Amino acid sequence: LAQWPGPILDFLDGRITADALTAASSDDSARSCEATFYRGVAAALDGKIEAKTAFQQARTSCPDDTLEFAAAALALRQLSAPKPAGGWTLPPPKNP
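### Considerations on helix α3 (residues 29-45)
1) Next: Taking 1.5 Å per residue as the helical rise, α3 with its 17 residues ought to reach 24 Å, and the 25 Å between its terminal C-alpha atoms agrees with that figure.
2) Next: All of the buried residues along α3 are C33, A35, T36, F37, Y38, G40, A42 and A43.
3) Next: Where α3 is buried, its residues contact α1 (6-12), α2 (18-25), α4 (50-61) and α5 (67-80).
4) Next: In this structure D28 caps α3, since a side-chain oxygen of it lies 2.9 Å from the backbone nitrogen of A30.

So this is what it looks like as structure tokens:
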């Protein structure tokens, strides 16, 4: 998956590092915005504090008419919201 957005998928699948994703996106501001957002997604999924910083960077680097801008804003609101006493839980998967 050498062509964009392949590096995003490689990163989310653990085949490349965050640094490699950043390097793959460094020549294009739109790609850099996307890479920053997905670094935040991966950090949030891993429960890392760096998620907030990445989402804040996405909000400042992404044009306000992009999915990443809007999703970063939503993620920042969710990260700032108080968690329920029992923590967040996902519903069980539905059987097809």
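### Observations concerning the nonpolar core
1) Next: One finds L21, F37 and F55 to be the most contacted residues of the largest nonpolar core, which totals 18 residues.
2) Next: Among the secondary structure elements, those contributing two or more residues to this core are α1, α3, α4 and α5.
3) Next: Excluding residues within four positions of it along the chain, L21 makes contact with W4, P7, I8, F11, I16, A35 and R39.

### Section: the state of the cysteines
1) Next: Scanning the model with the defined rule gives one disulfide in all.
2) Next: Paired by a disulfide, C33 and C62 hold their sulfur atoms 2.0 Å apart. What sets the handedness of the C33 and C62 disulfide is the S-S torsion sign, and at about 105° it is right-handed. One end of the pair, C33, is in helix α3; the other, C62, is in the loop between α4 and α5, and 29 residues separate them in sequence. The exposure classification of C33 matches that of C62, with both residues buried.

### Considering α4
Quick reminder: α-helices carry 3.6 residues per turn. Residues three or four places apart thus point the same way.
1) Next: With twelve residues, α4 should cover 16 Å at 1.5 Å per step; its first-to-last C-alpha distance of 16 Å lies within 8% of that length.
2) Next: Taken together, the buried positions of α4 are A51, A54, F55 and A58. Around the axis of α4, the buried residues are gathered within 100° of arc, so they sit on the same side.
3) Next: Buried residues along α4 sit against α3 and α5.

Thresholds applied
Residues numbered from 1 in each chain as written. Predicted model: local features only at pLDDT ≥ 70, side-chain atom pairs only at ≥ 80, totals over all residues. Heavy atoms only, no water. Helix = DSSP H or I, 4+ residues; strand = E, 2+ residues; numbered from the N terminus. Expected span 1.5 Å × (residues − 1). Buried < 20%, exposed > 50% of the residue type's maximum accessible area, 1.4 Å probe, protein only. Contact = heavy atoms within 4.5 Å. Polar contact = N/O pair within 3.5 Å; in protein donor to acceptor, adjacent residues only side chain to side chain. Core = buried A, V, L, I, M, F, W, Y, C linked by side-chain atoms within 4.5 Å. Disulfide = S-S within 2.5 Å. Arc of directions from axis to C-beta.

So far we have only geometry, and geometry alone does not tell us how the molecule works.
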